[in-house]
Amino acid sequence: MVLVPARSRRLESVISILILFVLAFIAVSLVAMQFETQGVDLELAALAPAGFEAASAVERYEAGNLYEKINGKAPLYTESGFLKLDTIRFAAGDDEELTMEMYLFDMGTARRAFSVYSMQKRADTQPLEGMEFGYRTSNGLYFARGKYYVELVGYSERPELMEAMEELARKLAAGLHTDGGTGLAEIDSLPHEDKVAGSVTFYVASAFGCEGLTEIFTCTYKSGTEEMTAFLSRRSGNAEAAKMAQMYRDFLIENGAKPKKAMNGMLEGKVLDFYGYIEIVVPAGSYLVGVHEAQSQEAAEKLVLKILDGLKE
Amino acid sequence: MTEKAKDKLGRRELLARAAKAGLAIAAAGAVAYTAYDKDGPSAYPQDEGLVTLPDFSVPAQAEKVMSVVNGADRKQTVGKAVELLGGIERFVKAGDVVAIKPNVAFATPAMLGATANPEVVGEVCRLCVKAGAKRIVVMDNPINDPASCFTISGIGKAANDAAADIAMPRDHLFRNTSLAGGKLIRNWPVFFEPLAGADKLIGIAPVKHHHRSGASMTMKNWYGLLGGRRNIFHQDINTIIAELAMMVKPSLVILDGTEVMMTNGPTGGSKSDLKRADTMIASCDMVAADSYAAQLLGLKVTDLPYLTKAQDAGAGTTDYQSLKPVQTRSS
């Protein structure tokens with residue numbers, strides 16, 4: 001008879017039980033993940049407007065396979081912090097025109113959601129009632145709410161389809177968690193006078209073609225025939241704002257901009273002539289402020305000074 | 001048995017078990033080592049019987065390289081555009097098997113302009129039937145689920161109504177190819193089998209803005225022949241479009257600028273993304289067709305680097321004026 005020491009037997013038993021626990025934990029986690037996905041399916045399908053029902057399963061896409069849904073547009077999202085996309089179609093019976101597709105983009109933060117919303121905002125649209133950031137076209141509704149960017153795309157322009165999409169938008173918006181506020185306080189710092197409505201855009205990265213210009217709010221201003229873009233960004237501190245200002249200034253100079261004497265002494269050293277357009281770049285405390293592509297130096301300097309005054313308040 | 005003997009047996013047993021465990025671990029490690037691929041999976045499949053796409057081009061005819069027809073009715077404009085180049089009989093002979101490659105990339109309805117218009121696909125199929133084609137195969141490897149794309153875009157129905165077959169992108173229909181001198185298309189799977197059996201190839205594409213390349217037109221349309229994880233080519237989008245133009249030599253391309261997707265391409269999503277341009281282009285030179293249509297997007301040839309790349313590679317000319325395109329208005 002082979003004798004195994006009691007100590008060894010106990011050790012073997014302990015190790016075996018630990019291995020079994022680990023395997024059980026893995027199995028339970030996998031099952032839990034499966035149920036989590038199914039839970040999302042049920043929630044979105046339940047949003048069907050009156051007279052409509054889910055016409056497809058929920059499709060989920062993440063950064064690695066987003067291109068399988070939106071192809072060349074995927075980088076617009078993945079470069080802006082995209083996390084996942086859920087899509088589903090709703091239809092009313094067999095009428096193909098009474099079909100809509102919902103795209104629910106989880107962008108991770110309200111700023112990123114606003115970024116992809118603002119970068120794709122169509123011109124000549126109507127505001128979407130009840131949505132701070134939303135608009136409608138003849139066959140679609142688009143809005144940013146909390147960390148989500150939503151597109152509701154209709155397969156026709158029929159009024160009954162638009163009504164159904166509005167109902168869906170309301171239901172969806174009510175269920176989207178916002179964490180309170182918009183996370184977009186910089187928008188309030190931009191002057192209202194001469195602001196082109198709906199022109200505020202947020203660039204997560206590569207604003208104005210400059211790779212290092214990140215997390216930038218821009219807004220178009222128009223006075224008469226004069227049009228220009230103001231930009232504003234809150235950085236982590238004074239040093240970062242100064243560094244970013246220098247980086248952008250160097251970028252402009254590398255691309256042909258020439259320093260120009262300021263009309264207002266406060267902006268001396270901050271004004272550049274870029275092939276006839278005025279660029280102003282100013283670090284102001286922890287903010288980066290400026291104007292891009294202005295035709296009038298006087299108007300550009302006036303706008304920058306107005307923004308700086310607003311930040312002091 | 002003495003206590004000492006029992007201990008010895010216990011230790012012996014322990015050592016024996018440890019030795020067996022060690023051998024088992026070593027054996028597992030040896031198997032893992034032999035199976036280990038330190039380079040990871042290759043981006044390109046191994047070279048096994050590379051194919052070359054047939055040359056489907058037709059003999060050139062001076063001043064019948066490109067035509068532009070203005071009008072709102074797609075069936076009329078595409079018919080006229082082909083007529084101005086010598087008629088369908090110049091491109092399709094009786095008994096030909098014709099492969100038609102429209103843009104069926106997305107599962108979206110025709111009204112959104114993200115895919116080829118089914119009216120154009122249907123009319124081109126009917127023209128081929130009229131010319132006596134033995135068989136017409138409509139093919140694409142879409143971005144979204146193929147069945148949904150062909151159904152929702154309306155192209156599946158248009159093909160069926162015109163008695164054309166549809167070739168779905170099944171794995172066994174793909175073969176690997178390498179483009180001579182190509183940087184990206186090396187040992188890459190392409191949707192080959194429907195082309196292998198075809199005598200002629202016609203591409204049909206809408207004029208669209210594209211977030212990455214600036215535009216998606218006749219050359220970008222051939223992206224729908226690529227298999228594998230083709231999204232990696234987006235990182236060098238201008239080169240891949242130029243290589244597609246070198247790889248594919250169609251008989252004819254149709255470029256539909258009736259409603260142009262001006263923004264938010266390639267998927268669009270809103271009718272407001274589209275602008276009416278009422279222009280239909282037929283061409284034996286893809287580079288020329290795309291170069292002409294750039295203006296419909298408010299762009300210059302220089303705004304689309306892939307055009308010059310393709311021209312430099314010998315795929316065509318950006319100087320479409322030199323081809324003396326025939327232009328007219330449909331009735």
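Before reading further, recall that the structure is shown in the block above.
Structure report, in brief. Just so we're clear, the structure is a prediction, and the values are computed from it rather than from any experiment. (Residues numbered from 1 in each chain as written. Chains lettered and ligands numbered in written order. Predicted model: local features only at pLDDT ≥ 70, side-chain atom pairs only at ≥ 80, totals over all residues. Heavy atoms only, no water.)

Some points on the nonpolar core
Definition in use: In plain words, nonpolar cores are sets of buried Ala, Val, Leu, Ile, Met, Phe, Trp, Tyr and Cys residues tied together by side-chain atoms within 4.5 Å. Only protein chains enter the accessibility calculation, which uses a 1.4 Å probe; a residue is then buried when its area is under 20% of its type maximum, exposed when over 50%, and partly exposed in between. Segments assigned H or I by DSSP are reported as helices when at least four residues long, segments assigned E as strands when at least two residues long, and all are numbered from the N terminus. Contacts are assigned to residue pairs with any non-hydrogen atoms lying within 4.5 Å of each other.
Membership of the largest hydrophobic core comes to 60 residues, with the highest contact counts inside it found for Met 219, Leu 226, Ile 240 and Met 247 of chain B. At seven residues, the largest contribution of residues to this core is made by helix 8 (residues 237–247) of chain B. Leu 226 of chain B has contacts with Asn 141, Phe 174, Trp 188, Pro 189, Val 190, Phe 233, Ile 240, Leu 244 and Met 247 of chain B, leaving out every residue within four places of it along the chain. Judged by nonpolar contacts, the second largest core, of 52 residues, contains Phe 114, Val 116, Ile 187 and Val 204 of chain A.

Observations concerning the pairing of strand 3 (residues 135–139) of chain B
Residues and elements named next belong to chain B. Filter applied, for reference: The pairing criterion is simple: DSSP has to find at least two bridges between the two strands. By the criterion used throughout, a crossover qualifies as right-handed when its path from the first strand across the helix to the second strand runs clockwise, the strands pointing away from the viewer.
Counted residue by residue, strand 3 has four buried out of five residues, so it is predominantly covered. Where strand 2 (residues 97–102) lies against strand 3, four bridges are found, and the strand directions are parallel. What sits directly across from Val 97, in strand 3, is Arg 135. Of the crossover connections in this fold, the one passing from strand 2 over helix 4 (residues 118–130) to the parallel strand 3 is right-handed. Sheet analysis places strand 3 next to strand 4 (residues 165–167), joined by three bridges and oriented parallel. The residue of strand 4 that forms the bridge with Val 137 is Asp 165.

Some words on the packing of aromatic side chains
The cut-off we apply is this: Aromatic pairing here means that ring centres of Phe, Tyr or Trp (its six-membered ring) are within 6.5 Å. Orientation follows from the plane angle: under 30 degrees is stacked, over 60 is edge-to-face, and everything else is tilted. Counting as a charge over the ring demands two things of the Lys NZ or Arg CZ atom: a distance within 6 Å of the ring centre and an angle within 35 degrees of the ring normal.
If you walk through the whole model with that rule in mind, you get 21 aromatic pairs over all chains. Consider the rings of Tyr 135 of chain A and Tyr 142 of chain A, whose centres lie 5.0 Å apart with planes at 15°: the pair is stacked. Each member of the pair, Tyr 135 of chain A together with Tyr 142 of chain A, is buried. Counting every residue linked through ring pairs, the aromatic cluster contains Tyr 77, Phe 82, Tyr 103, Phe 105, Phe 114, Tyr 117, Phe 133, Tyr 135, Tyr 142, Tyr 149, Phe 202 and Phe 217 of chain A. Across from the ring centre of Tyr 142 of chain A, 4.4 Å away, lies the NZ or CZ of Arg 122 of chain A, which sits over that ring. It is Lys 220 of chain B that lies over the ring of Tyr 223 of chain B; its NZ or CZ is 4.2 Å from the centre.

Describing the sheet that holds strand 13 (residues 271–274) of chain A
Each strand in a sheet pairs with its neighbour through backbone hydrogen bonds, running either in the same direction (parallel) or in the opposite one (antiparallel). Residues and elements named next belong to chain A. If you trace the seven strands from one edge of the open sheet to the other, you get 9-10-11-15-14-13-12, paired in antiparallel fashion. Every interior strand has two partners, whereas the edge strands, strand 9 (201–203) and strand 12 (258–259), have only one. Note that strand 12 and strand 13 share two bridges and pair antiparallel. Following the sheet pairing, Pro 259 is matched in strand 13 by Leu 272.

Some points on the pattern of salt bridges
Our working rule: By definition here, a salt bridge exists when the distance from a side-chain nitrogen of Lys or Arg to a carboxyl oxygen of Asp or Glu is within 4 Å.
Counted under the stated rule, the structure contains 35 salt bridges over all chains. Across the pair Asp 236 of chain B and Lys 183 of chain B runs a salt bridge, and its minimum N-O distance is 2.7 Å. Here the residue Asp 236 of chain B occupies a position in the loop between strand 8 (214–216) and helix 8, and Lys 183 of chain B occupies one in the loop between strand 5 (174–177) and strand 6 (188–191), the gap between them amounting to 53 residues. Residue class for Lys 183 of chain B comes out exposed when judged on its relative accessible area of 52%. A salt bridge links Asp 278 of chain B to Arg 276 of chain B; the nearest nitrogen and oxygen atoms lie 2.9 Å apart. Judged by relative accessible area, which is 18%, Asp 278 of chain B ranks as buried. Since its relative accessible area comes to 44%, Arg 276 of chain B is described here as partly exposed. Connected via shared salt-bridge partners are Glu 59, Lys 69, Arg 89 and Glu 101 of chain A.

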